Each structure stands twice: as C-alpha cells, then as structure tokens.
Amino acid sequence: MSNLIDPQAKPLPSLSARHIDPHSYPEGVAFLDGQYLPMSQAKISVLDWGFLHSDATYDTVHVWNGRFFRLDLHLDRFFGGLEKLRMTIPFDRDGVAEILHNCVALSGHRAAYVEMLCTRGTSPTFSRDPRDAVNRFMAFAVPFGSVANAEQLQRGLHVAISDKVRIPPASIDPAIKNYHWLDLVRGLYDAYDRGAETALVLNFNGNVAEGPGFNVFCVDDGKLSTPAVGVLPGITRRTVFDLCAEAGLAVAAADISVAALRQSDEVFITSTAGGIMPVTMIDGVPVADGKVGAITRRLMAIYWQKHEDSAWSGPVRYP
C-alpha cells in the first residue's frame, strides 16, 4: 500500500512571514490589546478558547442618532456573564464604557452596532486547563444592522417554527450571553428550507423559546406575553416591559405553546439589532389578518422615541 503523502513528490511550501487577509469587513473600529484598530486589522489566535470551544461571553448595544441606548443595562449583563464564567478583565464598568465610546467616536458612525466581548483566551503552553488561559477583552463598532430590513419592518417578518430545541438552562445559563448558536443556526436553515425569513426554536418543554438573536412576544386581547423559560433575558425584551408599564399595557412572561403563538392577534420580535419588529406570517399562515398590529405599531413608535430621552440614552462625543 502506498503512502498518502510522498515526501519526495514536491518541495515544502515556503513559510510566510505574515498573514495576508483576502477578505472584506464592514467599516468600523475595534479595540484589542490596548489598541484601536480598523476592523480589518482586529484578529484573534486560532488557539483562543473562544474560537476553539465557544468559551466566551459578550454583549451588544446600539447607537442611534449618535446616542447609546440603555448602555447601563448592557454593561450589567456583560459583567454578570464575566463573573459567572469566572473571567476577569483589566477594566471596570467605566473603563469598558469609555472603550465602547471611543470605538464609536473614532468610527464616526451615528448609527452603530457595538459589541464588547471576552474570550477565555489562550494558554502559552496550549494547556487544556481553562485556569491557565489569559482572558482577552475586545470591543468593536460597525454600522447598525437589523434582523429585519426596511421592507420587513413595514409588512412584517415571515417566520417558521423549527423543531430544534434551544440549549436548556440547566446546561448554559441563558443570562450569560454566549456564542452557542448551532441550535439557532440549524433552526434558521429549517426556516430557509420552508421559504421563511427567520426562525423560532423550542425550549426543552416543547414550547416556543426564542430566535437567533431575538426574543418573541405575542398579543392576545390586548395583553402581551413572552416566553419565560430557557431564553436570553434580552435588553429590548426588558424595554418592552418598561414601555408597557408606562403605556398601561399588561405584559407577562409565561409558557407559550406553538399553537397559541400561531393563533395570536399580534406577534413581534425584539432585539438590539432592530428594536421591536413585527411578525405577520408564521409557518406560511398569516398572523390574524396578516397586517402589523396596532399595539405592535404603538410600541415600535414609543421605542424609537425613547432614543432621544436622556433617561434612556446618552450622547457620543464625536471629534
């Protein structure tokens, strides 16, 4: 039997002195190892546990019209995730807030998607003990992006409910924002195969959970509900609770079956990447009359108005 590799067949390739990246990236600014860099220059090692094991936590906040929205809540969740994962970074809350501000200001973006993250990092000896890894903090600001595009925001998203099950909270605390997305990605492909635009997955009880990067709400007889178990406690989800309290609308976290969601009067999703976004089709069937509901429209309008409220947002100091 011949060897698969013949050492005499051809000479070894040359060893490059540096990596030349042929890919394109969005315009923006990143913070890494104490340096502010163009997005195209922000790199991590292939040996980083964040890459090899998805051992990382992160949070995202957006900037709209030059103002951070609810940054304090995003910082609370990020530092909570660090503590639960036993990670440490050399910055306190004010230090991280300053770094995020600098990334946005240096980028010049008036509408931005801003991320802070920490990976387990790397071990100088490639140790398999996570305690030997040096945790690594980084951040970046790129142009604002939304789960729903302009057309979908007007007519509503078309969603499919996948039978994929979200990682249960007994395995991963959903309050730790993480990159464990394979269940969500598999759900997305289920949705694409069925002609939908995005997906919802189930929780371990077979009820509706969440989607890739968003929570879901339904409206019945003027009352709002959102899944209670096995979901990320999203900041925009919390914002809906706060808006409902101001507007006198009833809202609760509860179990929501697939059948109940399909029969709702209104459905919408929530995410930092897009805010409050209507859903008008589920599994190929219109939600109620197939139009964006009145309560959804009302909350969407109030949500964006709050971006100018100094109690909910703060300005970026651009050069």
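Basis of the calculations
- Residues numbered from 1 in each chain as written.
- Predicted model: local features only at pLDDT ≥ 70, side-chain atom pairs only at ≥ 80, totals over all residues.
- Heavy atoms only, no water.
- Helix = DSSP H or I, 4+ residues; strand = E, 2+ residues; numbered from the N terminus.
- Buried < 20%, exposed > 50% of the residue type's maximum accessible area, 1.4 Å probe, protein only.
- Contact = heavy atoms within 4.5 Å.
- Expected span 1.5 Å × (residues − 1).
- Arc of directions from axis to C-beta.
- Pairing = 2+ DSSP bridges.

Asks: Help me understand the overall build of the protein in this model?
Replies: Looking only at helices and strands, the protein features eight helices and 15 strands. Expressed along its principal axes, the backbone C-alpha trace of the protein runs to roughly 75 × 60 × 35 Å. Buried residues in the protein amount to 48% of all 319 residues. Considering only residue pairs separated by 6 or more positions, the protein has 70% of its internal contacts joining residues 24 or more positions apart.

Asks: How should I be thinking about helix H5 (residues 182–193) in this particular structure?
Replies: An α-helical turn contains 3.6 residues, so any two residues separated by three or four positions project in the same direction. The terminal C-alpha atoms of H5 lie 16 Å apart, and with 12 residues this matches the ideal 16 Å at 1.5 Å per residue to within 8%. Of all the residues in H5, the buried ones are Asp183, Leu184, Gly187, Leu188, Asp190 and Ala191. For H5, the arc enclosing every buried residue in end-on projection is 160 degrees, short of the 170-degree limit, so these residues lie on one face. Opposite the packed face of H5, turned more than 90 degrees from it, sit the exposed residues Leu182, Arg186, Tyr189 and Asp193. Lining the buried residues of H5 we find strand S7 (157–165) and strand S8 (198–202). Just beyond H5, the residue with positive phi is glycine 195, at close to 80 degrees.

Asks: Which parts of the structure should I look at to understand the pairing of strand S12 (residues 266–271)?
Replies: On a regular strand, each side chain points to the face opposite its neighbour's, so the side chains alternate between the two faces of the sheet. Most of S12 sits out of view: six of its six residues are buried. Burial along S12 is two-sided: Glu266, Phe268 and Thr270 facing one way and Val267, Ile269 and Ser271 facing the other are all buried. In this sheet, S12 lies alongside strand S9 (residues 215–220) in antiparallel orientation, the contact comprising five bridges. Note on S12: the bridge partner recorded for valine 216 is isoleucine 269.

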